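Each chain, written out:
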Amino acid sequence: MAHHRPGNGHWLWFPLMLTLLVSASSDGPRLRHDGNGGSWWQRTVFYQIYPRSFMDSNGDGVGDLRGIRDRLVHLKDAGIGATWLSPIFLSPMVDFGYDITDYTVIQPEYGTMQDFEALMAEARRLGIKIILDFVPNHTSDQCEWFRRSVAREPDYSDYYVWHDGREDPSGANGTRLPPNNWQSVFYGSAWTYHPERGQYYLHQFTAQQPDLNFRNPAVVEEMKQVLRFWLRKGVAGFRIDAVNHLFEVEDFRDEPETGTDRDPLSYGFTHHIYTKDLLEDYDMVYQWRELLDDWSREHPEDDARIIMTEAYANITFTMRYYHSVVPDGSTGVSKAGSHMPFNFLLITDLNRDASAPDFVFTINKWLTYMPRDATANWVLGNHDQPRVGTRFGTERIDAMHTLLLTLPGIAVTYYGEEIGMVDYRDAIASGPSQRDDEAGEAFIVFSRDPERTPFQWDDTANAGFSDAPSTWLSVNPNYRELNLEAQKRAERSHYKTYQELVRLRQHETFRQGSMIPVPYSNDVLTYVRELQGSDTFVVVINLAASPRTVDLSAIFPRLAEQLTVASSASTSSYRTGDIVRTDKLVVDGNDGLVLRSIHVSER
């Protein structure tokens, strides 16, 4: 990557513009608090656990709730304050739990309701919040509701989206065609004919995941009862899956073709303007938020319950999940929505080829569009995306965590990222997830199994994950060197860097301070975190493989002449406590530095 010095003036307008924006505008890119004045969910780090892969307690090769309970102390040690569990409910596991048979029964592979209650008790003891994955868009085709709907039982006939289909103009025997050109996310038509009912049913995902009909008030109330069931169990909130798929247009019109993908069975064949991001999707989130807020008011002895929403959508659509839009000059009242509409920009908009200007643009994109009273969040990885070390390169793992954990707002970590786990391309599950339908080949090609391999606890058999002869997914063979126990013993490691950053982000400047991001060059990303009356921090991330020399005083002139290293990458030549010059800082290749300028009242 090309290296540019800041002295040519090309970058000098950035700090001026952003300083004005941050200090003069309440809508600028800075940390904000909601009406809770900094509630627990705004201060903590969230950690996603994929239950099948975290810890196996009974030797069957599959992770379970007892395993999570037994290893929950690891989250405490890492500084994690909340964890959301991928689905743990009864399921035939066609999509590993995202096809639910019963929303109030624990999947037997994972344990029992007593195991869940024991997990909740341990979490309370450790001060860790539990968030559940709520999958409202669809159920399993084995769900009792679907079976009753197939049979046209009066109370369930319209629980799902059914259609007679279109007449086949070439058919002489009265055969029917799918109602329209809608595709499944997983390839193929989004419609499957059910011979017993004599109609097509909609499934935006696999054919074994029929879509619920949220235009039916009974379905809406049924799903609210599911939320109340788990609230009574003490959960702190819900991550809502595929929330922008809940509603479809009522007239089932064809979607317009994109013109870029000529395969009519591919999800890229059409623009999904009639099956995604409808206004009704947002209203449903507002209703769920109202339910949780009512519950919190009725149970003031407990902390606020929260909603996290998953929607891969454009930035303006995503921002609507925070709350409803009230036109300027209107006397209407905005409806509260998701506390955390997941911010996937670090995943979707950046990769190992991204430059420092790309990073600044992406960060500012979220902060600029975010409502004034909202809290930012940053998601660096999840169960559907290649791991951080695979996407950005293993040499940049610490630098990416430096970014994640020093940005304003909430950080979300996927299990195993704290030790630098990477994808294992040979890990493809056997069993119910392997389909032999028309989507099977595409499923293998785009399999998400490589990023779901078992957690690497130590260098014993199966990385300490299980005593079974084999595990549901193969353990990455690099576990003998890359594991938690080894990193805890080492003087420096990904894990120890992660711990240090989590501790550091509890500083009031990171929790409440403003942020000024500047692309120092194509290779070097910098930003300052400031809070009046408190320490100032500067973050410097070198995206290049070789060292770069940076003059921080040229872009942040209010800094002290010397700074103290507060955090560095595990391979950095700098150690915590080192003193560096502001005007002549040499940053190692792929290093992520956090530098502290200690507040002096006389300065």
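Residues numbered from 1 in each chain as written. Predicted model: local features only at pLDDT ≥ 70, side-chain atom pairs only at ≥ 80, totals over all residues. Heavy atoms only, no water.

Enquirer: Is there a simple way to think about the sheet that holds strand S5 (residues 129-134) in this case?
Expert: Spatially, the 8 strands line up as an open sheet ordered S13-S12-S11-S5-S2-S1-S15-S14, and their pairing is parallel. Lying at the two open borders of the sheet, with one neighbouring strand each, are strand S13 (340-341) and strand S14 (377-379). Those strands touched by helix H6 (residues 217-232) are S5 and strand S11 (237-240), and its axis lies near 160 degrees from that of S5. Sitting on the sheet, helix H7 (residues 279-298) is in contact with S5, S11 and strand S12 (306-309), with an inclination near 155 degrees to S12. (Pairing = 2+ DSSP bridges. Helix = DSSP H or I, 4+ residues; strand = E, 2+ residues; numbered from the N terminus. Contact = heavy atoms within 4.5 Å. Axes fitted to C-alpha atoms, helices over the stretch in contact; angles between N-to-C directions.)

Enquirer: Looking at this structure, how should I read H6?
Expert: Its 16 residues place the ends of H6 23 Å apart at the C-alpha level, agreeing with the 22 Å of an ideal helix rising 1.5 Å per residue. Every buried residue of H6 is accounted for by Val 219, Val 220, Met 223, Lys 224, Val 226, Leu 227, Trp 230 and Leu 231. All buried residues of H6 project into a common sector of 145 degrees when viewed along the axis, lining one side. Those residues of H6 that are exposed and aimed more than 90 degrees away from the buried face are Pro 217 and Arg 232. At the N-terminal boundary of H6, the capping side chain belongs to Asn 216, with an oxygen 2.9 Å from the backbone nitrogen of Ala 218. Positive backbone phi, approximately 100 degrees, marks Gly 234, located one or two places after H6. (Expected span 1.5 Å × (residues − 1). Buried < 20%, exposed > 50% of the residue type's maximum accessible area, 1.4 Å probe, protein only. Arc of directions from axis to C-beta. Polar contact = N/O pair within 3.5 Å; in protein donor to acceptor, adjacent residues only side chain to side chain.)

Enquirer: Where do I start with the domain arrangement of the protein chain in this structure?
Expert: It is common to report an interface's size as the accessible area lost on association of the parts. You can read the domains of the protein chain as domain 1 (45-138 + 217-497), domain 2 (144-202) and domain 3 (513-597). Put simply, the middle of domain 1 and the middle of domain 3, counted by C-alpha atoms, are 31 Å apart. Here domain 1 meets domain 3 over a buried area of about 1,900 Å², counting both sides, of which 61% is carbon and sulfur. Our count for the domain 1 to domain 3 interface comes out at 1 salt bridge. Note that Glu 491 is salt-bridged to Arg 575, the shortest N-O span being 2.9 Å. (Domains from an automatic or database assignment. Buried area = accessible area lost by both parts, 1.4 Å probe. Salt bridge = Lys/Arg side-chain N within 4 Å of Asp/Glu carboxyl O.)

Enquirer: Would you mind showing me how to read the pattern of salt bridges here?
Expert: Tallied over the entire structure, the rule returns 31 salt bridges. Asp 303 serves as the salt-bridge partner of Lys 129, at 2.5 Å between the closest nitrogen and oxygen. In this pair, Lys 129 sits in strand S5 while Asp 303 sits in the loop between H7 and S12, placing the two residues 174 residues apart along the sequence. Judged by relative accessible area, Lys 129 falls into the partly exposed class, the value being 22%. Assessed through its relative accessible area of 40%, Asp 303 is described here as partly exposed.

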